[in-house]
Amino acid sequence: MDIKKMNAAINSVERELGNALISTDVWNIEDGESVAGYNSQPMACALFNQITSYINEALEQGDYPRLEKYYILSLKGDRMALLIPFADFIWEMLIDTKKARLGLLLNMTIPNMIDNFEKIISS
């Protein structure tokens, strides 16, 4: 992965979300350690790595389709955790929902993040 390009993608998300973005990390699922981030949360990376694995296992055992693009957790204190699993990586964001423009996030920011990340890992 090109870390310089990944940091540029994170900076782009920072600009789009402004002060609604509390933190973000991208990590390799093999070890759960952040490779790039903003206000990084190393413990959250490790824990969400496990949670995502458990969700995928539960979906598989329950004969449900696998996760496709992302999942969102609504948290107390007007917070939202958004996780985008890729083949070998996960991109997580903690967002202040009172400050975020959720329509923009769901319809523009997330699709752009996915496109940018797929370009980064394919190059």
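Residues numbered from 1 in each chain as written. Predicted model: local features only at pLDDT ≥ 70, side-chain atom pairs only at ≥ 80, totals over all residues. Heavy atoms only, no water.

### Description of the overall build of the protein
Reasoning step 1: The secondary structure content of the protein amounts to three helices and five strands.
Reasoning step 2: Listed N to C, the secondary structure of the protein is α-β-β-α-β-β-β-α in terms of helices and strands.
Reasoning step 3: For a compact globule of 123 residues, the expected C-alpha radius of gyration is about 14 Å, and the protein comes in at 14 Å, within 12% of that figure.
Reasoning step 4: Of all 123 residues assigned to the protein, the portion counted as buried reaches 35%. (Helix = DSSP H or I, 4+ residues; strand = E, 2+ residues; numbered from the N terminus. Rg over C-alpha atoms; globule rule 2.2 N^0.38 Å. Buried < 20%, exposed > 50% of the residue type's maximum accessible area, 1.4 Å probe, protein only.)

### Some thoughts on the sheet that holds strand 1 (residues 21-28)
Reasoning step 1: Pairing in this open sheet of five strands is antiparallel, and the strands run 2-1-5-4-3 from one edge to the other. Edge positions in the sheet fall to strand 2 (34-38) and strand 3 (71-75), since each has one partner strand and no second. For this sheet, the mean angle separating the axes of adjacent strands, direction not counted, is 15 degrees.
Reasoning step 2: Inspection of the sheet shows strand 1 paired to strand 5 (residues 89-96) by seven bridges, in the antiparallel sense. (Pairing = 2+ DSSP bridges. Axes fitted to C-alpha atoms, helices over the stretch in contact; angles between N-to-C directions.)

### Details of the nonpolar core
Reasoning step 1: Counting 24 residues, the largest nonpolar core has Met 6, Ile 84, Trp 91, Met 93 and Ile 95 as the members making the most contacts within it.
Reasoning step 2: Of all the secondary structure elements, the ones that give two or more residues to this core are helix 1 (3-17), strand 1, strand 4 (79-85), strand 5 and helix 3 (102-122).
Reasoning step 3: Sorting elements by how many residues they give to this core places helix 3 first, with six residues.
Reasoning step 4: Among all residues touching Met 93, those that are not within four sequence positions of it are Val 13, Leu 17, Leu 21, Ser 23, Thr 24, Met 80, Ala 81, Leu 82, Leu 105 and Met 113.
Reasoning step 5: One finds Tyr 71, Ala 81, Leu 83 and Ile 90 within the second-largest nonpolar core, a separate group that totals seven residues. (Core = buried A, V, L, I, M, F, W, Y, C linked by side-chain atoms within 4.5 Å. Contact = heavy atoms within 4.5 Å.)

### Structural notes on the side chain of Thr 24
Reasoning step 1: Among the secondary structure elements, Thr 24 is positioned in strand 1.
Reasoning step 2: For Thr 24, a relative accessible area of 1% puts it in the buried group.
Reasoning step 3: Leaving out residues up to four positions away in the same chain, Thr 24 has contacts with Ile 10, Ala 36, Gly 37, Tyr 38, Ser 40, Trp 91, Glu 92 and Met 93.

### Thoughts on the pattern of salt bridges
Reasoning step 1: Tallied over the entire structure, the rule returns four salt bridges.
Reasoning step 2: For Lys 98, the salt bridge goes to Asp 78, with nearest N and O atoms at 3.9 Å. Highlighted residues: Lys 98 in the loop between strand 5 and helix 3 and Asp 78 in the loop between strand 3 and strand 4, separated in sequence by 20 residues.
Reasoning step 3: Residue Lys 99 is joined to Asp 96 by a salt bridge in which the shortest nitrogen-to-oxygen separation is 4.0 Å.
Reasoning step 4: By relative accessible area, Asp 96 is classed as buried at 7%.
Reasoning step 5: One continuous salt-bridge network, built from bridges that share partners, spans Arg 79, Asp 96 and Lys 99. (Salt bridge = Lys/Arg side-chain N within 4 Å of Asp/Glu carboxyl O.)

### Some details on helix 3
Reasoning step 1: For helix 3, built from 21 residues, the straight-helix expectation of 30 Å at 1.5 Å per residue is met to within 8% by its first-to-last C-alpha distance of 29 Å.
Reasoning step 2: The set of residues buried in helix 3 consists of Leu 105, Thr 109, Ile 110, Met 113, Ile 114, Phe 117 and Ile 120.
Reasoning step 3: Check the buried side of helix 3 and you find it contacts helix 1, strand 1, strand 4 and strand 5. (Expected span 1.5 Å × (residues − 1).)

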